[in-house]
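Chain by chain, the residues run as shown.
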Amino acid sequence: MIVLDEITKIYDKEPVFKNLSLRVDRGDMAFITGPSGAGKTTLLKLIYGAERPDKGEIIVGEWHVTKLKQKKIPLLRQEIGIVFQDFRLLPNKTVFDNVALALTAHKLSPAAIRETVNNVLRDIILLHRKNSYPLNLSGGEQQRVVIARAMVAKPKIILADEPTGNMDRENANTIMGLFKDINAKGTTVMIVTHNEELYQGTGHRVFHINNKIVEREFAG
Amino acid sequence: MNIVRYSLKTALKSIWQEKWINFLTILSISIAMSVIGIFAILIMNIDSAVQHWTRNFGVVVYLYDEITEEEKLKLKERFDSDEDISEVSFTSREDALQDVRRALGGNAVIMDDFNVNPLPSSFSLTLRGDLLKPDIVMEKAQIINAFKGVEDVQYGEKWLMALHEFSRALKTGALAVCAAIFIATTFITYNTIKIFFYRRKDEIETMKLLGTTRSYIRLPFLIEGFVIGFFGGLLSSGTIFALHSFLTSGAASFMPAIDSYLSVMPVAIYILIPAAGALMSVMGSLIAVGKIRY
Ligand SMILES: Nc1ncnc2c1ncn2[C@@H]1O[C@H](COP(=O)(O)OP(=O)(O)O)[C@@H](O)[C@H]1O
Ligand SMILES: [Mg+2]
């Protein structure tokens with residue numbers, strides 16, 4: 001469950017959100033749309049505690065994000081898989097090591113880590129690239145590495161910021177298929193996208209953000 | 001991954017990857033710690049060196065001319081049984097006169113002008129070396145001065161005072177140097193770890209976003225700091241050991257009798273230096289990594 005209640009967020013005296021409210025139930029898949037600069041990325045940052053709202057409350061699962069102590073933030077983030085819009089891949093690490101980075105603080109043996117990472121790379125059709133470095137991959141491949149890293153720790157929630165932005169339709173469909181699969185297994189999925197095709201006809205909740213609020217909420 | 005395993009792996013990898021910076025850091029620390037070690041040994045041995053120089057420090061107890069034989073004997077008994085006094089010798093008035101005559105040599109004729117012997121009899125006492133602190137000697141002199149038959153007690157008060165001041169200043173100075181170098185050791189590691197931390201900044205930022213706890217981020221740097229400080233200290237222990245062996249083996253014939261000055265050379269120092277190096281170095285790393293905010 002993700003709840004944003006009457007959120008106000010101000011950057012440099014300029015509010016991005018003004019009393020924005022939004023709710024996604026546990027196990028749901030939801031989409032966030034809106035023009036560039038509407039605050040979609042900021043919204044996700046508020047959810048995983050990288051930004052703090054100036055007003056309002058945020059609840060993620062059993063976490064009271066707005067009241068969370070610094071020390072607890074990594075515990076919240078261990079339950080969230082994030083597909084960053086700007087990828088945040090480390091150029092000096094291989095695809096395998098980039099994905100494994102998300103398992104650093106998890107109590108897994110090196111053998112278990114190897115198996116888990118290999119499995120997720122296989123799912124996303126990147127196993128043959130596991131020893132490559134990110135800069136030697138295409139934009140779409142890099143994006144898939146980011147998605148693999150977000151999924152590898154089997155989080156309760158996936159937040160994906162324009163996850164198919166650099167992909168052709170075929171690749172986008174493959175990725176959406178993966179999101180559907182993990183959502184079917186109970187993971188809450190929140191996808192920021194410009195691409196109407198991703199949600200049209202799915203019946204999933206769509207939040208259209210504009211003018212500092214959720215301007216429109218409808219079933220896709 | 002298990003935090004200890006992960007941190008060791010990450011630290012060792014970094015130590016190997018940056019082996020030259022690490023080597024130079026270890027070298028710097030070993031030089032700093034060697035200076036600390038040498039000063040520490042100096043501090044520990046100042047007292048014994050002072051005792052060495054003042055081995056023949058004496059107190060002279062002058063007696064009244066009217067002193068009875070009985071009182072004299074009583075005094076001698078008291079001095080003999082006093083554990084603080086290592087040597088007692090008596091100089092009679094006649095002996096004193098002889099001494100003066102001998103000292104004057106050919107000019108001894110001037111002594112003939114005296115009808116009576118003007119010299120008092122005296123006891124010469126040698127105090128135990130470890131008692132040679134100005135206040136202790138003064139107290140002792142006052143006690144002896146109050147004994148029956150004692151006219152005056154004399155000792156090298158000014159000299160003793162100066163020596164004491166000198167050894168105290170030496171100790172304070174050496175201690176200050178040690179403290180300064182200790183802080184420098186922390187700073188040496190701080191610098192190196194800060195560089196490593198900045199090199200991994202992107203990785204650390206990403207790890208923070210991926211939910212990596214603080215201890216996973218910190219511990220590899222602390223281990224690296226520990227290793228650097230420990231090996232720096234170990235190298236310094238080796239240096240000091242070699243230096244000590246050289247100075248006491250007689251190979252350094254230009255500096256004789258060093259052994260008698262180095263009465264205190266605890267073996268523990270060889271363990272203490274690496275331990276201190278590691279401790280200061282870990283502190284440097286801790287400061288370099290700083291507060292981790294999410
Ligand atoms: N760290 C920041 N400091 C100041 N302004 C910011 C910061 N991050 C985003 N903004 C501003 O907030 C607004 C929303 O940004 P963002 O959430 O990235 O929009 P979107 O993802 O919908 O394109 C933009 O006007 C952007 O310039
Ligand atoms: Mg954005």
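These numbers were taken from a predicted model, which means no experiment stands behind them.

Peer 1: Talk me through the coordination of the magnesium ion (ligand 2); I want residue IDs and the actual numbers.
Peer 2: The coordination sphere of the magnesium ion (ligand 2) contains the protein donors T41 of chain A (OG1) and Q85 of chain A (OE1), at a distance range of 2.0 to 2.3 Å. Of this pair, T41 of chain A sits in helix α1 (residues 40–47) while Q85 of chain A sits in the loop between β6 (80–83) and α3 (95–100); the two residues are 44 residues apart in sequence, bridging distant segments of the chain.

Peer 1: Outline the pattern of salt bridges, supporting the account with residue identities and numerical values.
Peer 2: If the charged atoms of two oppositely charged side chains come close together, the side chains can form a pair. All names here are of chain B. The final tally for this structure, using the stated rule, is 20 salt bridges over all chains. When the shortest N-O distance is used, the salt bridge between K140 and D82 registers 2.9 Å. Of this pair, K140 sits in helix α5 (residues 134–145) while D82 sits in the loop between α3 (69–81) and β2 (85–91), and the two are 58 residues apart along the sequence. Linking K140 and D84 is a salt bridge whose minimum nitrogen-to-oxygen distance equals 3.1 Å. With K140 in helix α5 and D84 in the loop between α3 and β2, this residue pair connects regions lying 56 residues apart in the sequence. One network of salt bridges, with partners in common, ties together D82, D84, R128 and K140.

Peer 1: If you had to explain the packing of helix α6 (residues 157–199) of chain B against helix α8 (residues 214–248) of chain B to someone new, which residues and values would you point to?
Peer 2: Residues and elements named next belong to chain B. In contact at an axis separation of 11 Å, α6 and α8 are set at 145 degrees when each is read in the N-to-C sense. α8 is crossed by α6, and the crossing has right-handed handedness. Here T189, T192, I193, F196 and F197 of α6 come into contact with α8, specifically with F221, E224, G225 and I228. Partitioning the contact of α6 with α8 into residue classes produces five nonpolar, three polar and one charged.

Peer 1: Give me the lowdown on the sheet that holds strand β1 (residues 58–63) of chain B, citing residues and values where you can.
Peer 2: Residues and elements named next belong to chain B. Pairing within the open sheet is antiparallel, and its four strands lie in the order β2-β3-β1-β4. Pairing within the sheet leaves two strands with one partner each, and these edge strands are β2 and β4 (150–155). Sheet twist, expressed as the average angle between the axes of neighbouring strands with direction ignored, equals 20 degrees. Relative to strand β3 (residues 122–127), β1 runs antiparallel, the two being bridged by five bridges. The residue of β3 that forms the bridge with V61 is F123. Each of β1, β3 and β4 is contacted by α5, which is oriented at about 165 degrees to β4, the strand it contacts most.

Peer 1: Please provide a residue-by-residue account of the packing of helix α5 (residues 139–151) of chain A against helix α6 (residues 169–184) of chain A, values included.
Peer 2: Residues and elements named next belong to chain A. Remark: α5 packs on α6, axes separated minimally by 12 Å, with the N-to-C direction vectors making an angle of 5 degrees. With respect to α6, the element α5 is oriented roughly parallel. Where α5 abuts α6, its residues R144, I147 and M151 lie against N171, I175, L178, F179 and I182. Residue classes in the contact of α5 with α6 are distributed as six nonpolar, one polar and one charged.

What counts, and where the lines are drawn
Residues numbered from 1 in each chain as written. Chains lettered and ligands numbered in written order. Predicted model: local features only at pLDDT ≥ 70, side-chain atom pairs only at ≥ 80, totals over all residues. Heavy atoms only, no water. Donors = N, O, S within 2.8 Å, 3.2 Å for Na, K, Ca; no water. Helix = DSSP H or I, 4+ residues; strand = E, 2+ residues; numbered from the N terminus. Salt bridge = Lys/Arg side-chain N within 4 Å of Asp/Glu carboxyl O. Axes fitted to C-alpha atoms, helices over the stretch in contact; angles between N-to-C directions. Left-handed = near helix turned anticlockwise from the far one by under 90°. Contact = heavy atoms within 4.5 Å. Nonpolar A, V, L, I, M, F, W, Y, C, P; charged D, E, K, R; others polar. Pairing = 2+ DSSP bridges. Parallel < 35°, antiparallel > 145°, perpendicular 65-115°, else oblique.

Note that every value here comes from positions in space, so none of it alone points to a role or purpose.
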